[in-house]
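Analysis of the macromolecular model
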Amino acid sequence: MTVKTKIKQLSDLLEEYNYQYYVLDNPSVPDGEYDRIFQQLLKLEQDNPELLSPNSPTQKVGGTALTKFEQVTHQQPMLSLDNVFEQQSLVDFMQRAQDKSSQPEIAFCVEPKLDGLAASIIYQNGELIQAATRGDGQVGENVTENVKTIANLPLKLRGENIPPLLEVRGEVFMLIDGFNKLNDNLIKANEKPFVNPRNAAAGSLRQLDSKIAAKRPLAFYCYAVGVFEGELANSQYERMQQLKGWGLPISTEVKRVIGSENCQAYYQNIQDKRPNLGYAIDGVVYKVDDIALQQTLGFVARAPRWATAYKFPAEEAVTEVENVEFQVGRTGAITPVAKLKPIFVGGVTVSNATLHNKDEIERLDIRIGDQVVVRRAGDVIPQVARVLLERRDTEKVKSIEFPSRCPVCGSNVERIEGEAIIRCAGGLYCEAQRKEAIKHFASRKALDIDGLGNKLVEQLVDQKLIADPAQLFSLTAHQLSSLPRMGDVSAKKLIHSLQTSKKTTLARFLYSLGIREVGEATANNLAVHFKTIEAIEKASVDDLKTVSDVGEIVAKHIYYFFRQEHNIEVVARLIEAGIHWPALEEKQEEEQPLLGQTFVITGSFSNMSRTDIKTALQALGAKVAGSVSKKTSTVIAGEAAGSKLTKAEELGVAIMDEEALLALLDKQ
Ligand code: IVH
């Protein structure tokens, strides 16, 4: 075999592996094997430089650095998109398109709006010959060398009927994992990190040295065709499938949908998937599917009338810190909370953001009166992302003073060495701690008292109707119905749910007491180990430490909790009030058949709550984790299980449905 043939053979093989890996998401050889062939090809090319093709798979690592980027005039202008921010505007957009059509209901090709930067890539006879940024839409920069290093982008097209000329347009973006790693490295090297994955992608694409760009975790998805010669399908969706067929990457979420209801459902679906996609998106794009109809609709100014972007609510916004207040939590921890000028962010109006502790305040260098960037992503509580120091009015801002006494009860404040937080020393003398303790007692994973919300607990304590959880059970319907916004019916309902909540488990009861550091899992371990509340009350620190997951600190918290007169008394009164649980059998530790196994629970269940499933599995010795990894033994998948189930399937982790779970629990 000639060297030339050998080079062709190795190149073809690597292209096939790239395609399997990046486009089909289904690699057939281990990474090591790919590397071996890659090195073999590299060596042959180095020894025979005249045989090196500009689109060899080895060219994905970058080449010689440029001194500047050349300009490129786009043969067809690169347009932008109109935005809508609410369902009605989307319906209007669809109606305008519908009005121009003779079809009863027109189809839309829909996909996520990627948060990166647009690029145009030209293939001639299947070979990548040029890549350019969007620039001002007319003229961009020639970034061919950098674009060629993008891992999932083929340098040669594959398959049948490849058009002699094909310009694809799409988004260059950075994967979030890679972005985080890149920033970690920049920080370690004392360099400035990027603000977000989009800036990082833009910075990487504009590197004059393509070897640097090659090291950046960039990716590309096609979303449109620009100029081309030859025949293409006359549907947007089918064109995307054609691109995929030629080995070009398209989003896994491209769909064709009909009607505004389905379009809305798609938006919801993508919004739900957003945190798990692995890359940043900022909305959904809807495109009229029929290319002929696209042409009829045409353009206005710089945007097509046949496409629109439905943007997600912005996750970051700028507002002012009006004040900082201190909140006292269940365990006395005093948390600084920024009171903000109300601002619409992440789909809701936000007026508070936690500042966590003193360290965080120092890290942010935040003062009262500062302009700040507030971030609310998904259901995560709002955070202050950064302070706009350049906008600070030094005359006006005030620094944040930590209180030396509890802002609620006036007790001393203690700062434990090595901890960033300060605490009110008042314990249950402090009204704030009392309220939080009762809220915790009533919460879903504790006694699960239906109808006893946070507001109501606050009213009950403020009105001096109760001062501890045990007194809840002496409340009368008459007392309750005298409270504002509380009718006879709700009062009776609450009395009823107080009654039913009395039947519980030892684990839930222990958890409900709100002992510091005793979460569900620890409460469960304690219950399994000690079997009775009396045994736990009597246990020494050493006894407690024999329980799995209980170390010195937790053991001491439990020990001291039961050395306080008040706590012992409340426990006694709770039991007197009728709280009870089934006796736990004297089971040996060895009888934990699921010891050493890790379960993940996902989806919804009809016969048991997720908390109960968790408790049941833990009682059998299993660990219950929040995310699926190779270490997961089994995933319990209920109705409408999502990404965790997919991940389990990908990793080949065992999957169990509700029926199988019930059978397993039954057997034990
Ligand atoms: S289509 C003529 N589809 O959004 C239609 N654009 O605001 C051209 N973008 O510059 C764009 N994801 O960088 C389209 N799935 C997607 C997109 C997308 C992101 C960007 C693109 C464009 C900008 C327009």
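What comes next concerns the included structure. Owing to the predicted nature of the structure, the values given are computational and were not obtained by experimental measurement. All chains use their own residue numbering, which begins from 1 and follows the written sequence. pLDDT decides what is reported in this predicted model: residues at 70 or higher carry local features, side-chain atom pairs at 80 or more are listed and counted, and totals for whole chains, interfaces and linings draw on all residues regardless. Side-chain numbers here rest on the full set of heavy atoms in the structure, without hydrogens or water.

Considering the side chain of R169
When you line up the elements, R169 lands in strand β7 (residues 165–174). On the basis of relative accessible area, R169 is assigned to the buried category, the value being 8%. What qualifies as a polar contact is a pair of N or O atoms within 3.5 Å, subject to a donor-acceptor requirement within protein and to the restriction that residues adjacent in sequence count only when both atoms come from side chains. Engagement of the side chain of R169 in a polar contact is seen with the backbone oxygen of P77, the distance being 3.1 Å. Once residues within four sequence positions are removed from consideration, R169 is found in contact with H74, Q76, P77, M78, A119, S120, F220, C222, Y223, A224 and G226. Only runs of H or I of at least four residues qualify as helices and only runs of E of at least two qualify as strands under DSSP, and these elements are numbered from the N terminus. With a 1.4 Å probe rolled over the protein chains alone, any residue whose accessible area is under 20% of its type maximum counts as buried; one over 50% counts as exposed, and the rest are partly exposed. Residues are treated as being in contact if the distance between any of their heavy atoms lies within 4.5 Å.

Quick look at the sheet that holds strand β5 (residues 127–133)
The strand order across the open sheet formed by four strands is β5-β4-β7-β8, and the pairing between neighbours is antiparallel. Bordering the open sheet on either side are β5 and β8 (218–229), each of which pairs with just one other strand. In this sheet, neighbouring strand axes are inclined to one another by 25° on average, regardless of whether the strands run parallel or antiparallel. In the sheet, strand β4 (residues 117–124) pairs with β7 via eight bridges, with the strands oriented antiparallel. Residue pairing in the sheet places A118 in a bridge with E171 of β7. Paired strands, in this sense, are two strands between which DSSP finds at least two bridges. Orientation is described by axes fitted as lines to C-alpha atoms, over the contacting stretch for helices, and by angles from 0 to 180 degrees between their N-to-C directions.

Digging into empty space enclosed by the protein
The rule is simple: put a 1 Å grid over the protein atoms alone, call a set of points where a 1.4 Å probe fits but cannot get out a cavity, call an open set with protein on both sides within 12 Å along at least five of seven lines a pocket, and count a residue as lining if it has an atom within 4 Å of a point. Grid points are joined across faces, edges and corners, and a volume is the space filled by probe spheres set on the points. In this structure the tally under the stated criterion is one cavity of 30 Å³ or more. In this model, the largest cavity occupies a volume close to 80 Å³. Considering the residues around the largest cavity, the lining is formed by K445, T505, A507, R508, Y511, E520, N524, T611, T615 and Q618. Going through the elements one at a time, α16 (506–512), α17 (520–530) and α22 (610–619) are the ones with two or more residues in the lining of the largest cavity. Looking at side-chain class alone, the lining of the largest cavity contains two nonpolar, five polar and three charged residues. By the convention adopted, Pro, Cys, Tyr, Trp, Phe, Met, Ile, Leu, Val and Ala count as nonpolar, Lys, Arg, Asp and Glu as charged, and the other residues, Gly among them, as polar.

Comments concerning the nonpolar core
Counting 51 residues, the largest nonpolar core has L472, L526, I558 and F562 as the members making the most contacts within it. For this core, the element with the most residues is α16, which contributes five residues. Excluding its chain neighbours within four sequence positions, the residues that come into contact with I558 are I515, V518, L526, I536, L544 and V550. As used here, the term nonpolar core means buried Ala, Val, Leu, Ile, Met, Phe, Trp, Tyr and Cys residues forming a set that is joined through side-chain atoms within 4.5 Å. Core analysis: the second largest hydrophobic core is formed by 35 residues, L153, L186, A201 and L243 among them.

Brief notes about helix α2 (residues 31–47)
To estimate how far a helix should reach, multiply one less than its number of residues by 1.5 Å. In this model, α2 (17 residues) spans 24 Å end to end at C-alpha, consistent with the 24 Å of a helix rising 1.5 Å per residue. Against the buried residues of α2 lie α1 (3–23).

Describing the sheet that holds strand β10 (residues 281–288)
Ordered in space as β2-β13-β10-β3-β9, the five strands form an open sheet in which the pairing is mixed. Whereas interior strands pair on both sides, the edge strands pair on one side only; in this sheet they are β2 (82–84) and β9 (255–258). With strand direction ignored, the average angle separating the axes of adjacent strands in the sheet is 35°. Sheet topology note: the β2/strand β13 (residues 307–311) ladder contains three bridges and is parallel. Directly across from V84, in β13, lies its bridge partner Y310. Contacting β3 (107–114), β9, β10 and β13, helix α9 (residues 260–273) crosses the sheet at an angle of about 155° to β10.

A few points about the layout of surface pockets
To find the voids left in a structure, one rolls a probe of water-molecule size over its atoms. One number sums up the size of the second largest pocket: a volume of about 1600 Å³. Looking at the second largest pocket, it is lined by 42 residues, and the ones nearest its centre are R274, E315, E316, R375 and A377. Among the elements of the structure, α5 (176–188), α6 (197–205), α9, β10, α11 (358–364) and β18 (383–387) are those that each provide at least two residues to the lining of the second largest pocket.

Some thoughts on the site of the ligand
Note on definitions. A residue lies near a molecule or strand when any single heavy atom of the residue is within 4 Å of it. What surrounds the ligand is a group of 14 residues, the closest being K113, L114, E171, Y223 and K287. Here an oxygen atom of the ligand sits 3.0 Å away from a polar atom, N or O, in the side chain of K113. Contacts to the ligand include K287, whose side-chain N or O atom sits 3.1 Å from a nitrogen atom. Using a 1.4 Å probe, the Shrake-Rupley method yields the accessible areas, and only the shown protein chains count as cover for residues. For the ligand, whose free accessible area comes to 530 Å², the fraction covered by protein is 89%. Sorting the residues of the shell around the ligand by element identifies β3 and β10 as the ones contributing at least two each. Ranked by residues supplied to the shell around the ligand, first place goes to β3 with four residues.

Re the pattern of salt bridges
For this document, the term salt bridge refers to a Lys or Arg side-chain nitrogen within 4 Å of an Asp or Glu carboxyl oxygen. Under the criterion given, the structure shown has 33 salt bridges. Close ionic contact of R198 with D115 constitutes a salt bridge, the shortest N to O distance being 2.9 Å. With R198 in helix α6 and D115 in the loop between β3 and β4, this residue pair connects regions lying 83 residues apart in the sequence. Between D365 and R367 there is a salt bridge, and its shortest N-O distance comes to 3.1 Å. The network of salt bridges with common partners includes R274, E315, E316, R375 and R386.

Comments concerning the pairing of β8
Across the twelve residues of β8, nine count as buried, placing the element largely inside the fold. Relative to β8, β7 runs antiparallel, the two sharing nine bridges. Bridge pairing in β8 places L166 opposite F228.

Comments concerning the packing of aromatic side chains
Only centres within 6.5 Å qualify two rings of Phe, Tyr or Trp (six-membered ring in Trp) as a pair; their planes then separate them into stacked at under 30 degrees, edge-to-face at over 60, and tilted for everything else. In total, this model carries 13 aromatic pairs according to the counting rule given. Considering the side-chain rings of F173 and Y279, the 5.1 Å spacing of their centres and the 50° angle between planes classify their relative orientation as tilted. Residue F173 is found in strand β7, and its partner Y279 is found in the loop between α9 and β10; the two are separated by 106 residues along the sequence. Residue class for F173 comes out buried when judged on its relative accessible area of 2%. Taken together through their ring pairs, the aromatic side chains of F173, Y221 and Y279 make up a single cluster. Whether a charge sits over a ring comes down to the Lys NZ or Arg CZ being within 6 Å of the ring centre and within 35 degrees of the ring normal. For R158, the ring lying beneath its charged end belongs to Y19, and the centroid distance is 3.7 Å.

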